[in-house]
Amino acid sequence: MNVQTRNKKYNEYVNAKIPQTRSWPTLFNAFWVGGVICMIGQGIGDGIRAIWPDLSGGSVAGYVSIVLIFLASFLTGIGVYDRIGAYAGAGSIVPITGFSNSITSPAMDFKSEGIIFGLCVKMFTIAGPVIVIGVLASAFVGLIYLFI
């Protein structure tokens, strides 16, 4: 059997095993779940503005981020966020809640290895590259702005 035939058979096997997604229902679920998460964030911000009307926009955004990070971590801890992610797909990865989930999940998975080698090391398994690329990209853009 030559290499091309083997590759073709392998690709047929892989395509038969890959679960097929239904595009429109998946897109719809991602859209409305992501929208609901954003509406929750907006509601939290409006509630904070109602309680403390003198806060600046940056302070309100900071408090909203803290509450959303806590909620996403809490829901990940009790197993609800994973079900939301399975249902909504990319809609559950609204930036701050998805990032919180990507740090909390590995930390929970590796907690049996101890605090240092489990929790502290493994919690950045998924989010670590995002943080590194974000810092490097922002430093690069900052240097460009410095010299322009």
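Residues numbered from 1 in each chain as written. Predicted model: local features only at pLDDT ≥ 70, side-chain atom pairs only at ≥ 80, totals over all residues. Heavy atoms only, no water.

Colleague: How would you explain the overall build of the protein chain if you had to name every residue and give the values?
Modeller: Along the backbone of the protein chain there are seven helices and zero strands. Listed by position from the N terminus, the elements making up the protein chain come as α-α-α-α-α-α-α. Radius of gyration (C-alpha) of the protein chain: 21 Å, far over the 15 Å computed for a compact globule of 148 residues. For the protein chain, the C-alpha atoms occupy an extent of roughly 75 × 45 × 45 Å along the three principal directions. (Helix = DSSP H or I, 4+ residues; strand = E, 2+ residues; numbered from the N terminus. Rg over C-alpha atoms; globule rule 2.2 N^0.38 Å.)

Colleague: Mind laying out the nonpolar core, listing which residues take part and the relevant values?
Modeller: When a protein is soluble and globular, its nonpolar side chains tend to lie buried together. Counting six residues, the largest nonpolar core consists of Val33, Ile37, Ala72, Tyr81, Ala88 and Val94. At the level of secondary structure, the elements contributing two or more residues to this core comprise helix H2 (23-51) and helix H4 (80-88). In this view, Ile37 contacts Tyr81, Gly91, Ser92, Val94 and Thr97; residues no more than four positions away in its chain are not counted. Membership of the second largest hydrophobic core comes to five residues, among which are Ile48, Val60, Val64 and Leu68. (Core = buried A, V, L, I, M, F, W, Y, C linked by side-chain atoms within 4.5 Å. Buried < 20%, exposed > 50% of the residue type's maximum accessible area, 1.4 Å probe, protein only. Contact = heavy atoms within 4.5 Å.)

Colleague: Which residues make up the packing of H2 against helix H3 (residues 57-77), and what values go with them?
Modeller: Taken N-terminus to C-terminus, the directions of H2 and H3 make an angle of 130°; their axes are 9 Å apart at the nearest point. Taken together, the axes of H2 and H3 lie oblique to each other. As H2 packs across H3, the resulting crossing turns out to be right-handed. In this structure, H2 contributes Ile40, Gly41, Ile44, Gly45, Ile48 and Arg49 to the contact, and H3 contributes Val60, Tyr63, Val64, Val67, Leu68 and Leu71. When the residues that make up the contact of H2 with H3 are grouped by side-chain class, the tally is nine nonpolar, two polar and one charged. (Axes fitted to C-alpha atoms, helices over the stretch in contact; angles between N-to-C directions. Parallel < 35°, antiparallel > 145°, perpendicular 65-115°, else oblique. Left-handed = near helix turned anticlockwise from the far one by under 90°. Nonpolar A, V, L, I, M, F, W, Y, C, P; charged D, E, K, R; others polar.)

Colleague: Go over the packing of aromatic side chains, please, and point to the residues and values.
Modeller: One pass over the structure, following the stated rule, counts three aromatic pairs. Ring geometry for Trp32 and Tyr87: centres 6.1 Å apart, planes at 70°, overall edge-to-face. Remark: Tyr87 occurs in helix H4 and Trp32 occurs in helix H2; sequence separation between them is 55 residues. The class of Trp32 is partly exposed, set by a relative accessible area of 37%. (Phe/Tyr/Trp six-rings, centres within 6.5 Å; stacked < 30°, edge-to-face > 60°.)

Colleague: Kindly report on the packing of H2 against H4, identifying the contributing residues and their values.
Modeller: Between H2 and H4, the shortest axis-to-axis distance is 8 Å and the interhelical angle comes to 140°. Between H2 and H4, the interaxial angle falls into the category oblique. Across the interface between the two elements, Asn29, Ala30, Trp32, Val33 and Ile37 from H2 touch Tyr81, Ile84, Tyr87 and Ala88 from H4.

Colleague: Now, about the pattern of salt bridges: what can you tell me, with residues and values included?
Modeller: Under the counting rule described, the total for this entry stands at one salt bridge. The partner of Arg49 in a salt bridge is Asp46, and the shortest N-O contact between them spans 3.2 Å. Taken together, the residues Arg49 and Asp46, both in helix H2 and three residues apart, mark about one turn of the helix. You can call Arg49 partly exposed: its relative accessible area is 41%. The exposure class assigned to Asp46 is partly exposed, which follows from its relative accessible area of 41%. (Salt bridge = Lys/Arg side-chain N within 4 Å of Asp/Glu carboxyl O.)

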